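Geometric and topological summary
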Amino acid sequence: MRFRHPDGSTVHLAYCTNVHPAETLDGVLAQLRDHCEPVRRRLGRDRLGIGLWLAKDAAHALTGDPAALRTLRAELDRRGLEVVTLNGFPYEGFGAQEVKYRVYQPDWTRPERLSHTTDLALLLAAVLPDDVTEGSISTLPLAWRAAFDAHAADTARTALATLAERLDALEELTGKSLRIALEPEPGCTIETTTDAIAPLTALSSPRIGVCLDTCHLATSFEDPHTALDALATAGIPLPKAQLSAALHAEHPHLPKVREALAAFAEPRFLHQTRTRTPSGLHGTDDLPEAVTGRSLPDTTPWRAHFHVPLHAPPAPPLTSTLDVFQDTLTLLLGGPQPLTRHLEVETYTWQALPPALRPRTRGRLADGIAAELTLARDLLTDLGLKELP
């Protein structure tokens, strides 16, 4: 979906396909047919943006076979889909029964991450619409925090500098300007936007910036205005924002609240949980630790890294951080110029919701994704953006 900002620039809204992950090229093509095109039809649009997730094997198949790449481009066109952004965070296995900490491997200290992201850049340059010259790729924020020392930081910085040089060369060759966006996430080396400033300032490349995920921002209790002001002051680019909401518990000391939270403590994904007290931010790596243990203070609200559907907050006594998402979107797009032009709804946890809330059919999942995009679209038009055909 495309929008015209009052300043005249085009803003793209997509949804991320990691909600129905596939590891192979055939699986990706099936996604387009079985999921993405039905969402587009529900929205009544001739064209729908998707934030494509390509696992290692699918990306390798495309880079190694020009005919396969032509097939992908043709399928996107045939089904009324376009790609201006990729989700390069998960490497493989995102559809496994247990993902947890494995989603952070390989990290930016390993050559596989550089190789994979280079492949993604080549692919994105090839599938960008003919009238679009800018693309973005979100990626993990260097590494999970454990065992990340000064040597690891140097290795990661060298890899990103090499990638920036490759993107410069790719633009000279294709005319397509691609940027990489590190995605701050609780528990990682770069957990907050504040954490991103020092390493990105040291890197000093306009090719490498931040992907602002509004679920992660809220989970870490970051103030959107403060976060965006700090990035702007430091000159850190914002190639992409992911639109999502976190799980919020206002009174975590109450037994009924703990019981409600426990329903979201599922075995597949990591749900880092945070609370902010007068002494600072406290957290656990996963929601079960918070619910069943005493490691997290419960006198102040909790937030968990659980991507709650934008249009469907959980029933009381829980809620979502939809207000943080709305405030952030206003700051990003409500000013005289957009702070980013690539927006991606990223609720990959539809099938990780408590059983009663999960969509039981492809059709119901498509209904839910379309409802999230409709909410985002309505907020953008309320901010003065005009939806384009």
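Residues numbered from 1 in each chain as written. Predicted model: local features only at pLDDT ≥ 70, side-chain atom pairs only at ≥ 80, totals over all residues. Heavy atoms only, no water.

Helix and strand counts for the protein chain come out as 12 helices and 15 strands. For the protein chain, the C-alpha radius of gyration of 20 Å lies close to 21 Å, the compact-globule estimate for 389 residues. In the protein chain, once contacts between residues fewer than 6 apart in sequence are set aside, the share between residues at least 24 apart is 79%. Separation of charge centres in the protein chain, based on 38 positive and 49 negative side chains, amounts to 5 Å. (Helix = DSSP H or I, 4+ residues; strand = E, 2+ residues; numbered from the N terminus. Rg over C-alpha atoms; globule rule 2.2 N^0.38 Å. Contact = heavy atoms within 4.5 Å. Lys, Arg positive; Asp, Glu negative; His and termini not counted. Charge placed at Lys NZ, Arg CZ, Asp CG, Glu CD.)

Here we take up the packing of aromatic side chains. All chains considered together, the criterion is met by 8 aromatic pairs. The interplanar angle of 45 degrees and the centroid separation of 5.1 Å between the aromatic rings of Phe 94 and Phe 269 together place this pair among those described as tilted. Pair noted here: Phe 94 is in the loop between β4 (81-87) and α4 (111-127) and Phe 269 is in the loop between α9 (255-262) and β10 (273-277), with a separation of 175 residues, a long-range link. Phe 269 matches Phe 94 in its accessibility class, with the two residues each being buried. Look at Phe 269 and Tyr 348: their rings are 5.0 Å apart centre to centre, the planes differ by 70 degrees, and that puts the pair in the edge-to-face class. Of the two residues, Phe 269 sits in the loop between α9 and β10 while Tyr 348 sits in the loop between β14 (342-345) and α12 (362-382), which places them 79 residues apart along the sequence. (Phe/Tyr/Trp six-rings, centres within 6.5 Å; stacked < 30°, edge-to-face > 60°. Buried < 20%, exposed > 50% of the residue type's maximum accessible area, 1.4 Å probe, protein only.)

This part covers the environment of Ala 234. You can see Ala 234 is positioned in helix α8 (residues 224-234). The sequence separation of Ala 234 and Thr 201 amounts to 33 residues, and the corresponding C-alpha distance is 7.3 Å. Every residue in contact with Ala 234, bar those within four places of it in the chain, is listed here: Ile 197 and Thr 201.

Taken as a whole, the largest pocket spans an internal volume of roughly 360 Å³. Residue lining of the largest pocket: 20 residues in total, with Pro 237, Leu 238, Pro 338, Leu 339 and Thr 340 positioned closest to the centre. With 5 residues, the top contributor of residues to the lining of the largest pocket is α8. For the lining of the largest pocket, the class distribution of residues is 10 nonpolar, 6 polar and 4 charged. (1 Å grid on protein atoms, 1.4 Å probe; cavity = no way out; pocket = protein on both sides within 12 Å on 5 of 7 lines; lining within 4 Å. Points joined across faces, edges and corners; volume = space filled by probe spheres on them. Nonpolar A, V, L, I, M, F, W, Y, C, P; charged D, E, K, R; others polar.)

Our next topic: the side chain of Thr 85. Looking at the element boundaries, Thr 85 is found in strand β4. A distance of 2.8 Å separates polar atoms of two side chains, one belonging to Thr 85 and the other to Ser 136. Within the structure, the side chain of Thr 85 is placed 3.0 Å from the side chain of Lys 240, a separation counted as a polar contact. Beyond its immediate stretch of four places on either side in the chain, Thr 85 contacts Ile 50, Gly 51, Leu 52, Leu 124, Ser 136, Ile 137, Lys 240, His 342 and Glu 344. (Polar contact = N/O pair within 3.5 Å; in protein donor to acceptor, adjacent residues only side chain to side chain.)

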